[in-house]
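# Structure assessment
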Amino acid sequence: MTTLFSAEHAHQLDASDPLRGFRDEFQLPRHGDADQLYFCGNSLGLQPKAVRAALLDELDDWARLGVEAHFHGKHPWMPYHAFVRETLAACVGAQPSEVVAMNSLSVNLHLLMVSFYQPTSERHAILIEAGAFPSDRYAVESQVRFHGFDPVTSLIELEADEANGTISMQAIERVLAERGQTIALVLWPGVQYRSGQAFDLKEITRLAHAQDCAVGFDLAHAAGNLPLQLHDSGADFAAWCSYKYLNSGPGAIAGAFVHERHACSDRPRFAGWWGHDQATRFKMGSEFVPTPGADGWQLSNPPILALAPLRVSLEIFQRAGMAALRDKSEKITGYLEALIRERLDGTLDVVTPAEPERRGCQLSLRVVGGRERGRGLFQFLANAGIIGDWREPDVIRISPAPLYNRYSDVLGFIQTVEQWRMAQS
Ligand SMILES: Cc1ncc(COP(=O)(O)O)c(C=O)c1O
């Protein structure tokens, strides 16, 4: 047994982890008498303990003050969405005026495409990755049709060109060089949900802008996972959900980014009263005057009960710091990968790129032997209280989240896969 594989080594890594205290701030689901080994932050992040009190505060203010809580609540509801502005901006590397928490991810993608997908007869296509998350594909396809174009000719899905089903920057460069003049919008993932591959947002933006294409990013799997620099990337827009790495609860309120240079844009947009100029919103005039910045894309007054968990969660990110989180993330995912390569070669193939700059915390693991074997392993893990998630036909996604996962959790996962393998032989 090597040092790397020993329980002592894992415990030492946990003991010297500068972020170890954060685990206590989360509700760990139980498996019998023990905590689950929860690796599913890529799907639903765990509940920060402080969320319960934050929600109760809002319920109490509503009970105590009724409509007056808009102004006199502990956290007044009228400016509530602004309470998350600074922390949200810090989390994704944006200026505060460039971000807003609103709606859900697919809705935000649509609203932003209304502004940033403006097809013409020459330039009408949207470029996405082949195998994009279905909601994104449905969204872009419906946008193409909405504008009277045909997805057969106006939806370009770039196929993976690397062995594991990942996409090289050269392939992106090539498709933009060859077809860029027909592409109105590039909609790209920050981290691809199935492979776990992370992309260089700045470089994609540079390549796309060189062809005069608009660029938007779906950051569902990147927000709270990677230290993004959205402003500096130059992207036109981005959207993300907050229920994965941002730990803000099932169906949590999502995020949107609109680059500062579009702050006062006269592009088309779907309007609602909460996007109206704040200074005159309550004059209730009939003409829509957008408030500058990302706030101008809001439609409705925000759901306070959804914003409260996000506020609490982003405060945790602020205390931990994205740089420290990324540092641990690289280490703990690197540890997972090293153990898989050492102990589980021939059982699990790592699909996710090996270079740290090409991935976040998630590793997508293809179970050697196909779907039935993979399902068997997945069930064995679940029975042992080890929670990852399954992607057809044969991939288990395991995401050590640096806020609450321990190195010993990772070791527990490896040992359980070994037990399953022994039971098979
Ligand atoms: C990459 C990606 N895009 C879109 C969605 C859809 O998100 P929502 O249901 O919040 O609109 C998800 C959800 O997991 C996702 O992972």
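Computed from a prediction, not measured in an experiment: that's the story for all the values here. (Residues numbered from 1 in each chain as written. Predicted model: local features only at pLDDT ≥ 70, side-chain atom pairs only at ≥ 80, totals over all residues.)

### Comments concerning the nonpolar core
Put simply, the test is: To form a nonpolar core, buried Ala, Val, Leu, Ile, Met, Phe, Trp, Tyr and Cys residues must be joined through C-beta atoms within 7 Å. A residue is called partly exposed when the number of other C-beta atoms within 10 Å of its own lies between 12 and 20, exposed at 12 or fewer, and buried at 20 or more, with C-beta atoms placed from the backbone. Helix numbers and strand numbers start at the N terminus; a helix is a DSSP run of H or I with at least 4 residues, a strand a run of E with at least 2. Domain start and stop positions are those given by an automatic or database domain assignment. Note on contacts: residues are paired as contacts if their backbone-placed C-beta atoms lie within 7 Å.
Ranked by internal contacts, the top residues of the largest apolar core, which has 119 residues, are V92, I126, L185, V186, A256 and F257. Element by element, the count of residues in this core is highest for helix α11 (residues 304-320), at eight residues. Each of domain 1 (3-48 + 321-424) and domain 2 (79-319) accounts for three or more of the residues forming this core. Filtering out sequence-adjacent residues up to four positions away, L185 remains in contact with M113, F116, Y117, I126, C213, A214 and G216.

### What to know about the domain arrangement of the chain
Put simply, the rule reads: Any residue that is not Ala, Val, Leu, Ile, Met, Phe, Trp, Tyr, Cys, Pro, Asp, Glu, Lys or Arg is counted as polar, Gly included; the first ten are nonpolar and the last four charged.
With domains assigned, the chain is organised as domain 1 (3-48 + 321-424) and domain 2 (79-319). Of note, the centres of domain 1 and domain 2, computed from C-alpha atoms alone, are 29 Å apart. With three residues, the single largest contributor to the side of domain 1 that touches domain 2 is helix α12 (residues 322-343). Partitioning the side of domain 1 that touches domain 2 into residue classes produces 13 nonpolar, nine polar and six charged.

### Points about the sheet that holds strand β12 (residues 255-258)
Put simply, the test is: In this scheme, strands are said to pair when DSSP sees at least two bridges between them. Working convention: axes come from line fits to C-alpha atoms, limited for helices to the stretch in contact. Angles between N-to-C directions cover 0 to 180 degrees.
On the basis of which strands lie adjacent, the open sheet formed by seven strands has the order β6-β12-β11-β10-β9-β7-β8 and mixed pairing. If you trace the sheet from one side to the other, it starts and ends with β6 (99-101) and β8 (155-158), each paired once. Strand-to-strand twist of the sheet, defined as the mean angle between neighbouring strand axes without regard to direction, takes the value 20 degrees. Judged from the five bridges that link them, strand β9 (residues 183-189) and strand β10 (residues 214-218) form a sheet pairing that is parallel. Considered in β10, the bridge of L187 is made with G216.

### Brief notes about the site of the ligand
In plain terms, the rule: Nearness is defined per residue: the C-beta atom, placed using the backbone, must lie within 6 Å of the molecule or strand.
Surveying the vicinity of the ligand reveals the residues S104, L105, S106, F133, S135, D136, P189, Y193, D218, A220, H221 and C241. Secondary-structure elements contributing two or more residues to the shell around the ligand are α5 (105-116) and α6 (134-146). Here the residues of the shell around the ligand are counted per class, giving six nonpolar, four polar and two charged.

### So, the sheet that holds strand β17 (residues 395-398)
The sheet built from four strands is open, its strands ordered β13-β14-β17-β16 with antiparallel pairing. Lying at the two open borders of the sheet, with one neighbouring strand each, are β13 (348-350) and β16 (389-391). When the angles between neighbouring strand axes are averaged without regard to direction, this sheet yields 35 degrees. As paired strands, strand β14 (residues 363-367) and β17 are joined by four bridges and run antiparallel to one another. Paired with S364 across the two strands is R397, which belongs to β17. Along the sheet, helix α13 (residues 371-383) makes contact with β14, β16 and β17, crossing β14 at roughly 125 degrees.

### Things to note about unusual backbone geometry
Looking along the chain, the bond that leaves E392 and enters P393 is cis, with omega of 0 degrees. The residue P393 is located in the loop between β16 and β17 in this model. Unlike most non-glycine residues, N103 shows phi in positive territory, near 50 degrees.

### Topic: the pairing of β10
Two faces make up the sheet, and in a regular strand the side chains alternate between them. We count it as follows: Orient the strands so they point away from the viewer, and a crossover whose first-strand-to-second-strand path over the helix runs clockwise is right-handed.
For β10, the tally of buried residues reaches five of five residues, placing the bulk of the element in the interior. In β10, alternate side chains face the same way, and those of A214, G216 and D218 on one face and V215 and F217 on the other are all buried. Taken together, β9, helix α9 (residues 201-210) and β10 constitute a β-α-β crossover, and its handedness is right-handed. Bridge count between β10 and strand β11 (residues 237-240): three bridges; the pairing is parallel. Its bridge partner lying in β11, G216 is registered against F237.

### A word on helix α14 (residues 407-424)
Going by this rule: Each helix should span, by expectation, one fewer than its residue count multiplied by 1.5 Å.
The end-to-end C-alpha separation of α14 is 26 Å, in line with the 26 Å expected for 18 residues at 1.5 Å each. Within the sequence span of α14, burial applies to Y407, D409, V410, L411, F413, I414 and V417.

### Focus: the environment of F71
You can see F71 is positioned in helix α3 (residues 69-72). Those residues in contact with F71, other than ones at most four positions away along the chain, are P76 and M78.

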